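# Coordinate analysis (summary)
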Amino acid sequence: MFQQDQEIFNILLETISEGVVIVDSHQHIMEVNKSAKATFGYTKKELIGKELSLLIPLNYHNTHSKYFDEFIKKGKRRKMGEASDVFAIKKDGTIFSVEVELNPFKIYNKTYIMALIKDVSEKKEIEKNLMLRTKALQSANNGIVITDALQPDNPIIYYNVAFKELTGYSDEEILNHNCRFLQGNNRDQKQLKKLREAIKKGESCQARLCNYKKDGTMFWNDLYVFPIINDKGVVTNFIGIQNDVTLRVKAEEERLHLASIFDKSLNEIYVFDSKTLKFTNVNYGAQKNIGFSLEELKHMTPLDIKPNKNLVKFRKAINVLLKDNVGKIEFESVFTRKNGTTYPVEVHLQLSNLGDKEVFVAIILDITERKNYTTELENKVEERTHQLKKALNKEKELNELKTNFLLLVSHEFKTPLSAILTSSELLSKYQQEAHKEKRIKHIKTIIDKVHFLNNIINDFLSVEKLETGKVNYRFNTFKLSKVVNEAVYDANMLLKEGQQIKYPENIDDLSVYQDEKNIQLILSNLLYNAIKYSPEGSIIDLQIKQDETNTTVAIKDQGIGIPEKDQKHIFERYFRAQNVLNTQGTGIGLNIVKSHLENLGGSICFKSKEHKGTTFVITFPNTAKQ
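Here's a quick rundown of the structure.

Conventions and cut-offs
Residues numbered from 1 in each chain as written. Predicted model: local features only at pLDDT ≥ 70, side-chain atom pairs only at ≥ 80, totals over all residues. Heavy atoms only, no water. Helix = DSSP H or I, 4+ residues; strand = E, 2+ residues; numbered from the N terminus. Buried < 20%, exposed > 50% of the residue type's maximum accessible area, 1.4 Å probe, protein only. Contact = heavy atoms within 4.5 Å. Areas by Shrake-Rupley, 256 points an atom, 1.4 Å probe, with all protein chains shown as cover. Axes fitted to C-alpha atoms, helices over the stretch in contact; angles between N-to-C directions. Parallel < 35°, antiparallel > 145°, perpendicular 65-115°, else oblique. Left-handed = near helix turned anticlockwise from the far one by under 90°. Nonpolar A, V, L, I, M, F, W, Y, C, P; charged D, E, K, R; others polar. Pairing = 2+ DSSP bridges. Expected span 1.5 Å × (residues − 1). Polar contact = N/O pair within 3.5 Å; in protein donor to acceptor, adjacent residues only side chain to side chain.

When you go through the protein chain residue by residue, the secondary structure sums to 18 helices and 23 strands. Across the 626 residues of the protein chain, 38% fall into the buried class. Taking all contacts inside the protein chain whose residues are at least 6 apart in sequence as the whole, residues at least 24 apart take part in 51%. Of the roughly 39100 Å² of accessible surface on the protein chain, 52% is carried by carbon and sulfur atoms.

What follows covers the packing of helix 17 (residues 516-532) against helix 18 (residues 589-599). Where helix 17 meets helix 18, the closest approach of the two axes is 10 Å, and the angle between their N-to-C directions is 150°. It follows that helix 17 is roughly antiparallel to helix 18 by the angle criterion. Crossing handedness for the pair helix 17 and helix 18: left-handed. Contacts between helix 17 and helix 18 involve Asn518, Leu521, Ile522, Asn525, Leu526 and Asn529 on the former and, on the latter, Gly589, Leu590, Ile592, Val593, His596 and Leu597. Partitioning the contact of helix 17 with helix 18 into residue classes produces 7 nonpolar, 5 polar and no charged.

Where strand 20 (residues 539-546) lies against strand 21 (residues 550-556), 6 bridges are found, and the strand directions are antiparallel. Looking at the pairing, Asp541 lines up with Lys556 of strand 21. Hairpin remark: strand 20 followed by strand 21, antiparallel, with 3 residues in the connecting loop. Relative to strand 23 (residues 613-621), strand 21 runs antiparallel, the two being bridged by 7 bridges. Looking at strand 23, one finds that Thr552 is bridged to Thr619.

Over its 17 residues, helix 17 extends 24 Å from the first C-alpha to the last, a length consistent with the 24 Å expected when each residue adds 1.5 Å. Of all 17 residues that make up helix 17, 14 are buried, and the element is covered over most of its length. Its side-chain oxygen 3.3 Å from the backbone nitrogen of Lys517, Asp515 forms the N-cap of helix 17.

Pasting the structure below:
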């Protein structure tokens, strides 16, 4: 194959660390280097003259042939395996990941391709393991943070979803900040001193801290901190594991105050054994309301004061406390007095310890009066609230629409009308031949502004028709090139200095059965926007594709783009992004485009990056459903 300078070529070939496989335009292997032989496990004799498919897994053969033919046509160097996985197969049948760089060249008027092949299976496995570990951290229920001990002030460089959800802070408020923002102004806690000393020494530490969420809510946090030490003995990072123990702390506080609450409370308080369910103590308020004495109650259980006795259901209800699933349960029930009368109650039940025995403490609220009035009150409040919300929303919507419309008319009509008036007055002063260029300039201004005002009026009329359902769609079969030519012709009149519209290729044979007028309106609207928000000298790319069922049109510009925070509102009527407020426009066009497309069975979407440009993609059926 390479007779001239063969020795130099072979030396260069063998010095390349990657595997090198050279094939001709028919995918026959013409040359390989030592690295390639080692990578695939073949001898040179086993490879020379064989088809390249020998090194490609069977299920990729059809796709590879297609891509190979396209590559030969283009004849440009390219890399494979960076954006998507590429696989090869060894002699022993092992399939492994590779990165491939394809380099075409010609010798003696024949085309060859040099493929530089790198085994990246180990790299892919490392990436996979790293991704799994990251997912594990993200799925943990406890809040986890990692700080950089080598940076000043030990800032946070990683946090998981649980930490963000627990604290309520945003990404910007967490990353690159010290954890002290969780402590608010409460920075004199004893446990904090213990934590700071441990971090200073590079040691592990456990501390219970009083922290605050972004909304100011206080929560108790059991924090476990572990240092990460490199092979040189230097602490590079700290890992903090955060456990919200607010409920546990509150439960401890409740148990400490139980005795005083029990003695002083006017509510009913019952204490009963977790195994036998017999009452061990009942406060005065309970004895007075229930009508039984303490001595009588000590021979009774909660089931004896309930009208509907069901031991199985009661055991099931309290088992959640016994299994430590929750710290406290609340429910409503009915109690029976000694005299046979009943009354509704709200029960707050929690598990506690009395010496070495587990007991339940039930705080009971008599809700007789609440029950009598709550239902009626809730119904009235719900009805009034619903009516008020409905009225307020309607009034707010009408006021906003009125305000937006008045502002729009005032601004969008006043500016072009002023320009028309000024240009008209100046035209009367430029009568001489030498003033021809100035006359043309002012005539163009008048034409542009009239065209702009005409578009605004058409937009308002379209909105009114869409809202009232008066749009009559007329369907017929037409060539796409017809409406494209008309839309592009009109748009060309608005082009800025040096702007160009890149016309789509191969659309002469494309036809659709659709509403011709509105398809042209949609294309014109999108082209006008692309021209308006793109700089001079830029290219507006118009692309059209059609399959058996749908036609897809993409209009790509190099303009100012849409700010990310505004993108979710871009199809709302009268909405205008922050970066175009000083540019003429109504905020109606895209709303009209979207409404027409949806009525025609189509859709619209876009991708945009501020200062980089925007691509709008519309799709509509080739055959409209009437």
